[in-house]
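Architecture at a glance
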Amino acid sequence: MSDTLIFGMEVFLNGLMAGVLYALVALGFVLIYKASGIFNYAQGVMALFAAMTLVGIMDGQVPFSHLINAVFGTEVHHFGWHLPALVGIVLSMGVMIGLAWLVQQIIFRHLIGQEPIILFMATIGLAYFMEGLGDLMWGADIKKLDVGLPQGINLWIDELTFNLFDYGFFIDNLDIVATVIAAILVLALVAFSQYTKQGRAMRAVADDHQAALSVGINLSFIWVMVWSVAGFVALVAGIMWGTKSGVQFSLSLIALKALPVLMLGGFTSIPGAIAGGLIIGVGEKLFEFLVGPMIGGATENWFAYVLALLFLVFRPQGLFGEKIIERV
Amino acid sequence: MLDETQGYVTADGRKIGGVVMDMRNITLRFGGVEAIKNISFDIREGEVRAIIGPNGAGKSSMLNVISGFYVPQEGEVWFRGERRAPMKPFEVARQGIARTFQNIALFEGMSVLDNVMTGRLTQMKTGLFSQAIWRGAAEREEVENREICERVIDFLEIQHIRKTPVSRLPYGLKKRVELARALASEPKLLLLDEPMAGMNVEEKEDMSRFILSVNDEFGTTIALIEHDMGVVMDLSDRVVVMDYGKKIGDGTPDEVRNNQDVIDAYLGVSHD
């Protein structure tokens, strides 16, 4: 087998794994968009915030310690504990639910029935606010996140591929874990929305607010629930990205990579978010590998956006999105 | 014939009970416009009550007041012997008041069965956790709810489209699905906003038949809005007539038909 093909296969696999992480972020967008018609620009920052909170709680950092010290002249920094990952995750989830409730109470409750663009602007504001809040609470330094997920080369795949092709593939264990977790998460979300009463209510709210009210669904409650679920997805994404490349500001920028994913997959489709993520992940890695050398490389920065642009021209609703039919 | 506390017996021998819904001196304004002007009327258990009037008379506003979509500036709403504090539409629905809409508000992306099942949401009590693991109480509840929905679907003769997405259905059937969803909640009071609007003669006859048999079989109290006088007179036990936000008549179809104000309103005598 030719070297290019074997390398290509490795690149393809790595692309799939990267795509799973894109899909995780895109999933958060789709959830909120489906249930409330809000395009949540803050989803990426939510992932960053969730990861920061998790690190802070696990390391026993005192939230707002810089602020407290500056105001009161004290010197508090740590509670002096180290919590196990599971406890940290549960507590962080609690924080994300609290945040979801605040977002609903303070912002979106007052914006019911407003134009989508106004809701979108509100989420931009929310994104910057949360970015600042995260820095203020936990400090702006790059943090290491370790919740005990396996990392490094998967020796089994390395060995297997070495025996087959005389060349060992480098597949990161973390990527494999991320893939498994993402698959479980998607199945759980689909089961939730199809088979539970709250899921049915969520789909109803997404479909028609007025009708939902008339069958006794509490809109505010459903929205808090949806934002909480999105917060949970953000937490999972934050853990994966944070473990991979450290908890730092650039984490919130992965949200921008989710945009082309959404344009490919469609804003309203959970399977679409997954497929879109995988296509972008594989596409940009393969493109870089095959075409990159001819045009000087660094194609990963723009490939996804160009692909999305093509989709906007030829299939604006995305691969799985609902067809846009305008009645005239 | 009408006894204040005991109710009455209709011409066809149905027994009508006490007051379920009592609207007292309701006034509703939008800015400077008075959509409803100091109107009082009641709805009795087991009856088919109609609110009629020309376009713009305030009928839909009145229905929206009952179902909590509008909050009146003045007046009291009494439901089942208790004064109702201003509440949100979803809270009204949870009290057992179901409704349909003039312009149909269905969940277009869901199947007919799923739509009807949403009507059961207020009746479901098991928590998220037990539903997630799908055992015991939650499963039993789902089965029970499903049975009730299937009965309603049978009753309204929409079995053949159970799995069809609502968005693919013709108008007349959508209206029927909306009625099914409202019925599935086993309402104490069913509000129908122009159930016959936009239908052809055949569909109107079907719908009239369904409304009458719902009332007959389940004993459901029904309040409906219609501007087609003919249909209403055959359907309802008592009729409220509105014009320009005011109540101009209230009584049995015969009484209303012979009321001079009502005749004027419908024949278009000039208002001055």
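This one's a predicted model, so the numbers in the text were calculated from it and none came from an experiment.

Rules of the game
- Residues numbered from 1 in each chain as written.
- Chains lettered and ligands numbered in written order.
- Predicted model: local features only at pLDDT ≥ 70, side-chain atom pairs only at ≥ 80, totals over all residues.
- Contact = placed C-beta atoms within 7 Å.
- Helix = DSSP H or I, 4+ residues; strand = E, 2+ residues; numbered from the N terminus.
- Nonpolar A, V, L, I, M, F, W, Y, C, P; charged D, E, K, R; others polar.
- Domains from an automatic or database assignment.
- Expected span 1.5 Å × (residues − 1).
- Buried ≥ 20, exposed ≤ 12 C-beta atoms within 10 Å, placed from the backbone.
- Pairing = 2+ DSSP bridges.
- Axes fitted to C-alpha atoms, helices over the stretch in contact; angles between N-to-C directions.
- Parallel < 35°, antiparallel > 145°, perpendicular 65-115°, else oblique.
- Core = buried A, V, L, I, M, F, W, Y, C linked by C-beta atoms within 7 Å.

1. Focus: the interface of chain A and chain B
Contact residues are listed per partner, giving 17 residues for chain A and 23 residues for chain B. At 7 residues, the largest contribution of residues to the side of chain A that touches chain B is made by helix H8 (residues 197-207) of chain A. Considered class by class, the residues forming the side of chain A that touches chain B number 6 nonpolar, 6 polar and 5 charged.

2. Considerations on the domain arrangement of chain B
Residues and elements named next belong to chain B. Examined at the domain level, chain B breaks down into domain 1 (1-96 + 187-272) and domain 2 (110-185). Relative to domain 2, the C-alpha centre of domain 1 lies at a distance of 27 Å. Of the residues lining the interface, 11 residues belong to domain 1; the matching set on domain 2 comes to 9 residues. Elements represented by at least two residues in the side of domain 1 that touches domain 2 include exactly helix H2 (89-94) and helix H7 (201-218). If one sorts the elements of the side of domain 1 that touches domain 2 by residue count, H7 sits on top with 4 residues. For the side of domain 1 that touches domain 2, a count of residues per class yields 8 nonpolar, 1 polar and 2 charged.

3. Quick look at helix H7 (residues 173-195) of chain A
It helps to recall that an α-helix has 3.6 residues per turn; residues three or four apart then point in one direction. Residues and elements named next belong to chain A. Over its 23 residues, H7 runs 33 Å from end to end, which matches the ideal 33 Å to within 8%, given 1.5 Å per residue. Along H7, the residues classified as buried are Asp175, Ala178, Ala182 and Ser193. Of the surrounding elements, those touching the buried residues of H7 are helix H1 (3-36), H8 and helix H10 (219-245).

4. Comments concerning the pairing of strand E3 (residues 19-30) of chain B
Strand residues, when the strand is regular, have side chains that alternate between the two faces of the sheet. Residues and elements named next belong to chain B. Strand direction decides the pairing type here: E3 and strand E4 (residues 33-44), joined by 8 bridges, are antiparallel. Each bridged residue has a counterpart across the sheet, and for methionine 21 the counterpart in E4 is isoleucine 43. Pairing of E3 with strand E6 (residues 74-79) involves 5 bridges; the strand directions are antiparallel. In the sheet register, threonine 27 faces E6, and the bridge partner there is glutamate 74.

5. What to know about the packing of H1(A) against helix H11 (residues 254-265) of chain A
Residues and elements named next belong to chain A. Close contact between H1 and H11 brings their axes to 8 Å; oriented N to C, the two are set at 75°. Classed by the angle they form, the pair H1 and H11 counts as roughly perpendicular. Contact residues: Tyr22, Ala23, Val25, Ala26 and Phe29 in H1; Ile254, Ala255, Lys257, Ala258, Val261, Leu262 and Gly265 in H11. The residue makeup of the contact of H1 with H11, split by class, is 10 nonpolar, 1 polar and 1 charged.

6. Some words on the nonpolar core
When a protein is soluble and globular, its nonpolar side chains tend to lie buried together. Ranked by internal contacts, the top residues of the largest apolar core, which has 163 residues, are A:Ala23, A:Leu24, A:Ala26, A:Ala51, A:Ile217 and A:Val226. By residue number, the principal contributor to this core is H10(A), which donates 18 residues. Shared between two domains, this core takes at least three residues from each, and those domains are domain 1 (1-96 + 187-272) and domain 2 (110-185) of chain B.

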